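The residues making up each chain are set out below.
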Amino acid sequence: MTDLPPIRHHIPDSVLAAYAAGSLDEAFALVVACHLSLCDTCRATVAAVEATGGALLEETEPAPLPPGALDAMLARLRAGPDDTADDQPPAASTAAPSDTAFPAPLGDYAAASAETVRWRSVGGGVRQVVLPCAGRAKARLLYIPAGAEMPDHSHRGMEMTMVLQGAFSDEVDRFTPGDVEMGDEDLHHTPVAETGRDCICLAATDAPLRFRGWLPRLAQPFIGI
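Description of the structure in this document. (Residues numbered from 1 in each chain as written. Predicted model: local features only at pLDDT ≥ 70, side-chain atom pairs only at ≥ 80, totals over all residues. Heavy atoms only, no water.)

## Some details on the pairing of strand β1 (residues 120-123)
As a general feature of sheets, a regular strand has side chains that alternate between the two faces.
Item 1. Relative to strand β2 (residues 126-131), β1 is paired through three bridges, and the arrangement is antiparallel. Its bridge partner being in β2, Gly123 is matched across the sheet by Val126.
Item 2. Joining the antiparallel neighbours β1 and β2 is a turn of two residues, in which Gly124 adopts a positive phi near 65 degrees. (Pairing = 2+ DSSP bridges. Helix = DSSP H or I, 4+ residues; strand = E, 2+ residues; numbered from the N terminus.)

## Some thoughts on the state of the cysteines
Defined simply, a disulfide is a covalent bond joining two cysteines at their sulfur atoms.
Item 1. Under the criterion given, the structure shown has zero disulfides.
Item 2. The thiol sulfur of Cys42 is not disulfide-bonded, and the nearest other cysteine sulfur, from Cys39, lies at 3.8 Å.
Item 3. Between Cys199, a free cysteine, and Cys201, which holds the nearest cysteine sulfur, the sulfur-to-sulfur gap is 3.6 Å. (Disulfide = S-S within 2.5 Å.)

## Points about the pattern of salt bridges
Item 1. Per the stated rule, a full pass over the model turns up three salt bridges.
Item 2. Here Asp173 makes a salt bridge to Arg8, at a shortest N to O gap of 3.6 Å. One end of the pair, Asp173, is in the loop between β6 (168-169) and β7 (174-175); the other, Arg8, is in the segment before α1 (13-21), with 165 residues separating them in the sequence.
Item 3. Judged by its relative accessible area of 47%, Arg8 is partly exposed.
Item 4. The shortest N-O distance in the salt bridge between Arg174 and Glu194 comes to 2.4 Å. You can see Arg174 sitting in strand β7 and its partner Glu194 sitting in the loop between β9 (192-193) and β10 (199-205), a full 20 residues away along the chain.
Item 5. When its relative accessible area of 24% is taken as the criterion, Glu194 is described as partly exposed. (Salt bridge = Lys/Arg side-chain N within 4 Å of Asp/Glu carboxyl O. Buried < 20%, exposed > 50% of the residue type's maximum accessible area, 1.4 Å probe, protein only.)

## So, the sheet that holds β1
Item 1. Ordered in space as β1-β2-β3-β10-β5-β8, the six strands form an open sheet in which the pairing is antiparallel. Looking at which strands have only one partner, the edges of the open sheet turn out to be β1 and β8 (180-183). In this sheet, neighbouring strand axes are inclined to one another by 25 degrees on average, regardless of whether the strands run parallel or antiparallel.
Item 2. Inspection of the sheet shows strand β5 (residues 159-165) paired to β10 by six bridges, in the antiparallel sense. From the neighbouring strand, Met160 faces β10, where its bridge partner is Ala204. (Axes fitted to C-alpha atoms, helices over the stretch in contact; angles between N-to-C directions.)

## A short note on α1
Item 1. Within the span of α1, buried status applies to Val15, Leu16, Ala18 and Tyr19. For α1, the angular spread of buried residues about the axis comes to 160 degrees, placing them on one side. Within α1, the exposed residues directed more than 90 degrees away from the buried face are Asp13, Ser14 and Ala21.
Item 2. Phi for Gly22, located one or two positions after α1, is positive at around 75 degrees. (Arc of directions from axis to C-beta.)

Rendered as structure tokens:
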């Protein structure tokens, strides 16, 4: 992902702090990790949050361990790796492949490029693939043909949408690769992919969208968004 325009739409500090604390659902953490792989500004914010947390821990008076805590820890170490390690949020990386639209943190979730993704049609030329994420929130890749319009909708919860390729515009602004649009119950919009290049986005939601048109509402149970 070289020669990209400057990133203008960043992730709020509160969400970055939640990511640093490990309290985001995996789907949202994946969007944050992909954004951090491209954004020096937000990566510096996360580093500052982590440094502040480390300093606070150093100043905290240690609490005494309960009886048997050392024996329990040694037993866990002898048992091997903890199965819960797979539940950790995806890590950000500063290295992104130079020949693909996808940032490095997507590597464990999807194919390396748009050409090798097993897209599923959802109508109107739009395609998607739902990514395997634990937790309540869902993550998906969306492929929107250049010039195509997404259905008019609002939100029942939080939505994070990061542009990976192309660009889209809506009632809020224009979003290009690396940009993230934050949506909540107050956002009502109709994203339109710009002409010239198909738009690919990574989106995470924690609740179904609220479509205005009857056709998208009928299709909603089948497309799962």
